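Survey of secondary and tertiary structure
Now for the letters of each chain:
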Amino acid sequence: MFATAHAVFQPLLRLGLIPQIVIGIVAGVLIALFAPGVASDVSLLGQLFIAALQAVAPILVFVLVAAAISAHQKGQPTHMRPVLVLYVVGTLIAAFIAVAASFLFPTELSLNAGQVDGTPPGDIFSVLRDLLLNAVANPVSALMEANFIAILAWAIGLGLTLRQASDTTRQALSDLSAAITRIVTLVIRLAPLGILGLVAGTLAESGVEALLNYAQLLGVIVGCMLFVALVSNPLLVYITTRQNPYPLVFTCLRGSAITAFFTRSSAANIPVNLELCRRLKLDPDTYSISIPLGATINMCGAAITITVITLATTHTLGINVDFATALLLCVVSALAACGVSGVAGGSLMLIPMAANLFGIPTEVAMQAVAIGFVISVVQDSTETALNSSTDVLFTAAACQSQEAKRS
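Here the structure is a predicted model, which means the values were calculated and not measured.

Right, let's get into the overall build of the protein chain. When helices and strands are tallied, the protein chain shows 19 helices and 0 strands. Counting only residues that meet the buried cut, the protein chain has 51% of its 407 residues in that class. Pairs at least 24 residues apart make up 85% of the contacts formed inside the protein chain by residues separated by at least 6 positions. Summing over all exposed atoms, the protein chain offers an accessible surface of approximately 18500 Å²; the carbon and sulfur share of this is 66%.

Below, the structure is given as structure tokens:
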């Protein structure tokens, strides 16, 4: 029996991970359309896959960053400065593009949605304060709650202090990092089954009817994200590397964006991005730090979501927005996006803070948040795909630029 099953699935197993994921997507859609009852059961595969990624991501980030920093030799370059510059510039440009698109395609909302749960931050200083407080959280609780700001802070601190440790201690940490990486690789190999369950469950539960009522809003958001992914990000990569950016762009979209689209979590996609960086043969000293850091602060998709929905709310209420205020919104959205946790729907809860710039009451802004949750099945998936794939793209661009300078 096992021999027969092996013979049947052998051609499928020989395919690469991406073709297997595409097959999983198609199978999930077919199940949702023709067997919705089965789709609810199959969705368990997706839940298990997400749970496994989210469980392993915190300890993976902690160990990888600590091991990379402890093993770093003085004078050895990490290329982190150009990566950070790309993260900040990319997020600001994404927010500016969202402002331009919102003026070109003004969108009105039906602000009669029900209230949603959650307490939004009051202002940008609240976001920055929360970031600082998160950075000094208890390391054990940070690992349990997937507080990546604190995980990064503790991993960096531990890595720096372990630079003075014995070679045996640092080798043990490196061996632990390798062991956890192998576990992550096994989890990633299950991605086709997990994504099959995610697609089937999402379509069976939400359908496409809810999206049709807000097609223009969704179109502006997704259009901005596609423009960033295919135009502005490649332009930044070209400026950095002076090479044709699109082979690298499409590699990152294919290797990172697809899984991120369905996991809807930058944190859960960290293991996928680390594996993609390894396949691209990037510098481990760079990507072991830049990828988990990017999942926390590189949120160009979140900046787009915050900006577009906020300006759609102002247009609906008849509030005139001048150019100077729109530029301020770009900065606020970019900074706020850096405070978005790497979980599904995180950017939506920051909309009331941006809306406060225009004197919009929180209760009205929270209705816009509710609309955001209606379209989140596509909006949040696309946002995460852009955020996560950009982490790898900018890391690779910085590494390639530094290699070109050395040669």
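Next comes the rest of the account.
This paragraph deals with the packing of aromatic side chains. Counting across every chain of the model gives 3 aromatic pairs. Judged by centre distance (6.4 Å) and plane angle (40 degrees), the rings of Y87 and F394 are tilted. A residue pair is termed long-range when its members are at least 10 positions apart, and Y87 in helix α4 (residues 80-104) and F394 in helix α19 (residues 376-406) qualify at 307 residues. Under the relative-accessibility criterion, F394 is labelled buried at 0%. Judged by centre distance (5.0 Å) and plane angle (75 degrees), the ring pair of F261 and F262 falls under edge-to-face. Under the relative-accessibility criterion, F262 is labelled buried at 17%.

So, about the pattern of salt bridges. Taken as a whole and judged by the stated rule, the model has 2 salt bridges. Across the pair D167 and R170 runs a salt bridge whose closest N-O atoms are separated by 2.4 Å. Here the residue D167 and the residue R170 both occupy positions in helix α8 (residues 167-189), the gap between them amounting to 3 residues, near one helical turn. Between E275 and R278 there is a salt bridge, and its shortest N-O distance comes to 2.5 Å. Placement of the pair is E275 and R278 together in helix α13 (residues 270-279), with a separation of 3 residues, close to one helical turn. For R278, a relative accessible area of 46% translates into the label partly exposed.

Taken together, the side chains of L226, F227, L230, V231, Y246 and F250 make up a nonpolar region of the molecular surface, amounting to roughly 500 Å² of accessible area. Of all the elements in the fold, those that place two or more residues in the nonpolar patch are α11 (215-241) and α12 (246-263). Counting residues per element, the nonpolar patch draws most heavily on α11, which supplies 4 residues. Looking at the secondary structure, you find L230 in helix α11.

Let us now look at the environment of V332. The residue V332 is located in helix α16 (residues 323-338) in this model. Sequence-wise, V332 and I306 are 26 residues apart; in three dimensions their C-alpha atoms are separated by 9.4 Å.

Let us look at the nonpolar core. Within the largest apolar cluster, 47 residues are counted, with the highest numbers of intra-cluster contacts made by V65, L274, I291, L393 and F394. With 10 residues, the top contributor of residues to this core is helix α3 (residues 36-71). Setting aside residues up to four positions removed in sequence, V65 forms contacts with L152, A155, I156, S288, I289 and P292. Residues A98, L109, I221 and V222 belong to the second largest nonpolar core, which totals 28 residues.

Turning to unusual backbone geometry, a few remarks are in order. Positive phi is not limited to glycine here, since R242 has a value of about 60 degrees. Turning to its location among the elements, R242 is positioned in the loop between α11 and α12. When its relative accessible area of 60% is taken as the criterion, R242 is described as exposed. Positive phi, normally seen in glycine, also occurs at K281, with a value near 60 degrees.

Attention now moves to α13. For α13, the tally of buried residues reaches 8 of 10 residues, placing the bulk of the element in the interior. Buried residues of α13: I270, P271, V272, N273, L274, E275, L276 and C277, and no others. Backbone geometry just downstream of α13 places K281 in the positive-phi region, at approximately 60 degrees.

A few words now on the packing of α4 against helix α15 (residues 300-317). Close contact between α4 and α15 brings their axes to 8 Å; oriented N to C, the two are set at 25 degrees. Between α4 and α15, the angle is such that the two are roughly parallel. Taken as a pair, α4 and α15 cross one another with a handedness that is right-handed. Across the interface between the two elements, G90, T91, A94, A95, A98, V99 and S102 of α4 pack against C300, A303, I304, T307, V308 and L311 of α15.

Checked against the element boundaries, D391 lands in helix α19. Nearest to the buried, unbridged D391 among oppositely charged side chains is R279, at 15 Å. Excluding residues within four positions of it along the chain, D391 makes contact with Y87, N273, I291, G294, A295 and N298.

The rules behind the values
Residues numbered from 1 in each chain as written. Predicted model: local features only at pLDDT ≥ 70, side-chain atom pairs only at ≥ 80, totals over all residues. Heavy atoms only, no water. Helix = DSSP H or I, 4+ residues; strand = E, 2+ residues; numbered from the N terminus. Buried < 20%, exposed > 50% of the residue type's maximum accessible area, 1.4 Å probe, protein only. Contact = heavy atoms within 4.5 Å. Areas by Shrake-Rupley, 256 points an atom, 1.4 Å probe, with all protein chains shown as cover. Phe/Tyr/Trp six-rings, centres within 6.5 Å; stacked < 30°, edge-to-face > 60°. Salt bridge = Lys/Arg side-chain N within 4 Å of Asp/Glu carboxyl O. Patch = residues over 30% accessible without salt bridge, like charges linked within 9 Å, V, L, I, M, F, W, Y side chains within 5 Å. Core = buried A, V, L, I, M, F, W, Y, C linked by side-chain atoms within 4.5 Å. Axes fitted to C-alpha atoms, helices over the stretch in contact; angles between N-to-C directions. Parallel < 35°, antiparallel > 145°, perpendicular 65-115°, else oblique. Left-handed = near helix turned anticlockwise from the far one by under 90°. Lys, Arg positive; Asp, Glu negative; His and termini not counted.

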